[in-house]
Amino acid sequence: MLSRLSELIWADWIWFPEGYGWDDLKDHDGKVFPKTQDLWAVLPVALCFVVIRQIFERSIALPLASLLGVRDNHRVCASPNPILESHFCSISRHPTQSSIEILSKQTGCSVRQVQRWFRRRRNQDRPSKLKKFQEASWRFTFYLLAFFAGLGVLIDVSSSPTEILIKREQSYLPLLTSQYWYYMIELGFYLSLIFSVASDVKRKDFKEQIVHHVATILLISFSWLVNYIRAGTLIMLVHDASDYLMESAKMFNYAGWKKTCNFIFTVFAIVFIITRLIIFPFWIIHATCVYPLTLYSTFFGFYFFNGLLVVLLILHIFWTGLILRMVVKFLPGNDIVEDERSDKEETESDDEDRGQKKKPKNGHMQNGHYVLNNNHRKTD
């Protein structure tokens, strides 16, 4: 029964155009083609990346952070309070005003003290600037090396990149050694990101990042199985072209190098839009979705491959919106570009700002300032 199910799932008509199948990808005449069992090599590669990352962050990223002047802000830890801790962990990290007032009565603390406790408690869970710098350094190093490796593989494949996508017989061209290692390394890296997702810095687009990683892993794996190696190589190269710029901008952001960060981010925004919203949809997707229709009728593998590309395109559009929001904030002359996805650390003044925005229940305004409510102490 299992063999019958396997035959049905991997039937030629599902994954290949009419007249082609898995037999065409068997090694012959000294030519080597991708094999399903090759993907098992990705697991040890991913585990190696996890180990190498730990070594890199400790031995290279930390000294580099010190050299660039990256410093963590001093954090005041929230004092132990079982009632507030229970609410923080099980109900809400951002309690409403009514909840704060109730908690104030339960704990015997003032409203301001409860607000301050939750702010400090939230800050405790936020990753430090040094941790974010270490992560950005690791990703910058990989994306930069992967980009130049992709260029090398592209040159190894053909002197004309257009040939990579438009040859009808591309699925039956033999596998090169450079392509094998490029695929294993790229796929191993993205798989390592899944392994380390629990310890990585959580950003506002966390869910979108997970979708991106899963879609990328499926796309790379599928393109390997059906020997869409040349198309897959160009897709990964286009993505790596801008990623290292973003990571380097974040590194200089954490180091406080404002002008350098703003310049690199501007270059990143231009490269991202060109590669992700122009080259990717109008060249690559057109070549994998529109051009094949002139050669053969559609099949499930055609929809599956291009469906993953569309998922990535939707994510590109989403991230372009975030990038443009940062650019808009940058244009008027802001001091530094802030990552829209990052969760900013709260400061003492944040509570005061929130308090000033809300009209107090009693008390009047004098000379543009609220008079302290006599029912509360002036200090916490």
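Since this is a predicted model, take the numbers as computed values, not measurements.

Procedures and definitions
- Residues numbered from 1 in each chain as written.
- Predicted model: local features only at pLDDT ≥ 70, side-chain atom pairs only at ≥ 80, totals over all residues.
- Heavy atoms only, no water.
- Helix = DSSP H or I, 4+ residues; strand = E, 2+ residues; numbered from the N terminus.
- Buried < 20%, exposed > 50% of the residue type's maximum accessible area, 1.4 Å probe, protein only.
- Contact = heavy atoms within 4.5 Å.
- Areas by Shrake-Rupley, 256 points an atom, 1.4 Å probe, with all protein chains shown as cover.
- Core = buried A, V, L, I, M, F, W, Y, C linked by side-chain atoms within 4.5 Å.
- Expected span 1.5 Å × (residues − 1).
- Phe/Tyr/Trp six-rings, centres within 6.5 Å; stacked < 30°, edge-to-face > 60°.
- UniProt positions renumbered as here; feature names shortened; annotations may be inferred.
- Axes fitted to C-alpha atoms, helices over the stretch in contact; angles between N-to-C directions.
- Parallel < 35°, antiparallel > 145°, perpendicular 65-115°, else oblique.
- Left-handed = near helix turned anticlockwise from the far one by under 90°.
- Nonpolar A, V, L, I, M, F, W, Y, C, P; charged D, E, K, R; others polar.
- Salt bridge = Lys/Arg side-chain N within 4 Å of Asp/Glu carboxyl O.

Undergrad: Sorry if this is basic, but what is going on with the overall build of the protein chain here?
TA: When helices and strands are counted, the protein chain shows 14 helices and two strands. Every one of the 380 residues in the protein chain was classed for burial, and the buried ones make up 43%. Partitioning the contacts of the protein chain with sequence separation of at least 6, the portion at a separation of at least 24 is 79%. With an accessible surface of roughly 21000 Å², the protein chain has 63% of that area assigned to carbon and sulfur atoms.

Undergrad: What is the right way to read the nonpolar core from this model?
TA: Considering soluble globular proteins, one finds that nonpolar side chains tend to be buried as a cluster. Core analysis: the largest hydrophobic core is formed by 71 residues, its most contacted members being Phe 189 and Phe 280. Tallying contributions element by element places helix α11 (residues 229-255) first for this core, with 12 residues. Excluding residues that lie within four positions of it along the chain, Phe 189 makes contacts with Phe 49, Trp 138, Phe 142 and Tyr 143.

Undergrad: Sorry if this is basic, but what is going on with helix α10 (residues 206-225) here?
TA: Every α-helix winds through 3.6 residues per turn, so residues three or four apart in the chain are directed the same way. Between the first and last C-alpha of α10 there are 29 Å, a value that for 20 residues agrees with the 28 Å anticipated at 1.5 Å per step. Trailing α10 by a residue or two, Asn 227 shows a phi angle of about 65°, which is positive.

Undergrad: I tried to follow the packing of aromatic side chains on my own but got confused; where do I start?
TA: Any two aromatic rings considered together are summarised by their centre-to-centre distance and by the angle between their planes. In total, this model carries 34 aromatic pairs according to the counting rule given. Both rings, one in Phe 222 and one in Phe 304, keep their centres 5.1 Å apart while their planes meet at 75°; by these two values the pair is edge-to-face. Of this pair, Phe 222 sits in helix α10 while Phe 304 sits in helix α13 (residues 300-330), placing them 82 residues apart in sequence. Here the aromatic cluster, defined as three or more aromatic residues joined through ring pairs, consists of Trp 10, Trp 15, Phe 16, Trp 22, Phe 222, Tyr 228, Phe 300, Phe 304 and Phe 305.

Undergrad: What's the story with the UniProt feature "transmembrane region" (unreviewed entry) in the protein chain in this structure? I'm lost.
TA: When the UniProt feature table is mapped to this numbering, "transmembrane region" (unreviewed entry) covers residues 140-160, 180-198, 210-229, 263-284 and 296-319. Taken end to end, residues 210-229 has its terminal C-alpha atoms 24 Å apart, with 85% of it in helix and 0% in strand. End-to-end, the C-alpha atoms of residues 263-284 are 29 Å apart, and along that stretch the chain is 100% helix and 0% strand.

Undergrad: I'm lost on the packing of helix α3 (residues 42-68) against helix α9 (residues 177-195) in this one. Help?
TA: In a pair of packed helices, the angle between the axes and the distance between the axes together describe the arrangement. Look at α3 against α9: their axes get within 8 Å of each other, and the N-to-C directions meet at 60°. Taken as axis vectors, α3 and α9 run oblique relative to one another. Where α3 crosses over α9, the handedness of that crossing is right-handed. Of the residues in α9, those in contact with Val 42, Leu 43, Val 45, Ala 46, Leu 47, Phe 49 and Val 50 of α3 are Met 184, Ile 185, Leu 187, Gly 188, Phe 189, Leu 191, Ser 192 and Phe 195. Residue composition of the contact of α3 with α9, by class: 13 nonpolar, two polar and no charged.

Undergrad: Would you take a moment to explain unusual backbone geometry for this structure?
TA: Negative phi is the rule for most residues except glycine; trans is the rule for most peptide bonds. With a phi close to 65°, Asn 227 is a non-glycine residue in the positive phi region. Looking at where Asn 227 falls in the secondary structure, it is placed in the loop between α10 and α11.

Undergrad: Quick question: what am I supposed to make of the pattern of salt bridges here?
TA: Should the charged atoms of two oppositely charged side chains come close, the side chains can pair. Enumeration over the complete set of coordinates arrives at seven salt bridges. Across the salt bridge formed by Arg 53 and Glu 135, the nearest N and O atoms sit 3.7 Å from each other. Residue Arg 53 is located in helix α3, and its partner Glu 135 is located in helix α7 (residues 129-157); the two are separated by 82 residues in the primary sequence. For Glu 135, a relative accessible area of 4% translates into the label buried.

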